[in-house]
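# Examining the three-dimensional arrangement
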Amino acid sequence: MFDAIRDDIRVVRERDPAARSALEVVLCYPGVHALALHRIGHRLWRAGWLTLARFVSHVSRFLTGIEIHPAARLGRGLFIDHGMGLVIGETTEVGRNVTLLQGVTLGGTSLRREKRHPTLGDDVVVGTGAAVIGAITIGDGSRIGAGSVVVRDVPPNSVVVGVPGRITYRDGQRVGGGIDMNQTDLPDPVAKAIEHLLERIRSLEHEVEGLRKAAEREGVE
């Protein structure tokens, strides 16, 4: 338990430049508090103390603004940045070294008692306000852009943006190779489509102008 907490502190200090000391992380980071309480709730859940486990989860939500179901499986190295409004559902599975920003929802779509929440691979980054919905898998090293809604599987080392989420690749190169918190350079497929349309319109306008001038010359002759 204490080793896991020390690991949580190390992760925060590595990924958040605002963290200046271990004491500050322990006292002022709700993500660290939520993870510590989740470990307690998760042990109670696995021991069969289901109502008590849910109560621990409820207290954690009240104190931190982060809701994690006690049955959720979270890997080492998880960093919850700010975290207010973050929701992690019952059958969610999160890999190692994952980063979740505030307002993220790892939610379900089924009313049955089955696997209905997402599985996140290692080194995944989910941006602010993004929603990953259903029993889908997000591959290792992938990045989910802020505000995106993902409802389909995502292959490893991919970038997903938009509503619904669309898979893109940054310059055709592998995305990943470490934690990347920069959400400002994610490719936007909608913006690219609009750019292509504008280029096509300019090309057509140029062609129409050429035809108009040719027709005027023929009319003069």
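Refer to the structure above for everything that follows.
Residues numbered from 1 in each chain as written. Predicted model: local features only at pLDDT ≥ 70, side-chain atom pairs only at ≥ 80, totals over all residues. Heavy atoms only, no water.

### A few points about the overall build of the protein
Within the protein, the secondary structure is distributed over 5 helices and 15 strands. Within the protein, buried positions represent 39% of all 221 residues. Carbon together with sulfur atoms contributes 56% to the accessible area of the protein, which is approximately 12600 Å² in total. (Helix = DSSP H or I, 4+ residues; strand = E, 2+ residues; numbered from the N terminus. Buried < 20%, exposed > 50% of the residue type's maximum accessible area, 1.4 Å probe, protein only. Areas by Shrake-Rupley, 256 points an atom, 1.4 Å probe, with all protein chains shown as cover.)

### Re the sheet that holds strand E5 (residues 93–94)
Here 4 strands make up an open sheet; going across it, the order is E2-E5-E8-E11 and the pairing parallel. Strands at the two margins of the open sheet, each flanked by one partner only, are strand E2 (73–74) and strand E11 (137–138). Taken together, the 2 bridges between E2 and E5 define a ladder with parallel strand orientation. Bridge assignment links Leu74 to a residue of E5, and that residue is Val94. (Pairing = 2+ DSSP bridges.)

### What to know about the sheet that holds strand E9 (residues 125–126)
Spatial ordering of the open sheet is given by E3-E6-E9-E12-E14-E15, a layout of 6 strands whose pairing is mixed. Here the strands that pair on one side only, and so sit at the sheet edges, are strand E3 (79–80) and strand E15 (166–168). As paired elements, E9 and strand E12 (residues 143–144) share 2 bridges and run parallel to each other. Within E12, the residue paired with Val126 across the bridge is Ile144.

### As for the pattern of salt bridges
The tally for this structure, following the rule as stated, stands at 8 salt bridges. Residues Lys115 and Glu93 are paired through a salt bridge, measuring 3.6 Å at the closest nitrogen-oxygen approach. Placement of Lys115 in the loop between strand E7 (105–107) and strand E8 (119–120) and of Glu93 in strand E5 is noted, with a sequence separation of 22 residues between them. Residue classification places Lys115 among the partly exposed positions, given a relative accessible area of 33%. Between Arg212 and Glu209 there is a salt bridge, with its nearest N and O atoms 2.5 Å apart. Of this pair, Arg212 and Glu209 both sit in helix H5 (residues 189–220), 3 residues apart, which is roughly one turn of the helix. Looking at Glu209, the relative accessible area reads 32%, which means it is partly exposed. In this structure, a network of salt bridges that share partners links the residues Asp7, Arg10, Glu14 and Arg76. (Salt bridge = Lys/Arg side-chain N within 4 Å of Asp/Glu carboxyl O.)

### Re the environment of Thr168
Inspection of the secondary structure assignment puts Thr168 in strand E15. A relative accessible area of 13% places Thr168 in the buried class. When the C-alpha atoms of Thr168 and Asn157 are compared, they prove to be 9.9 Å apart, with 11 residues separating the residues in sequence.

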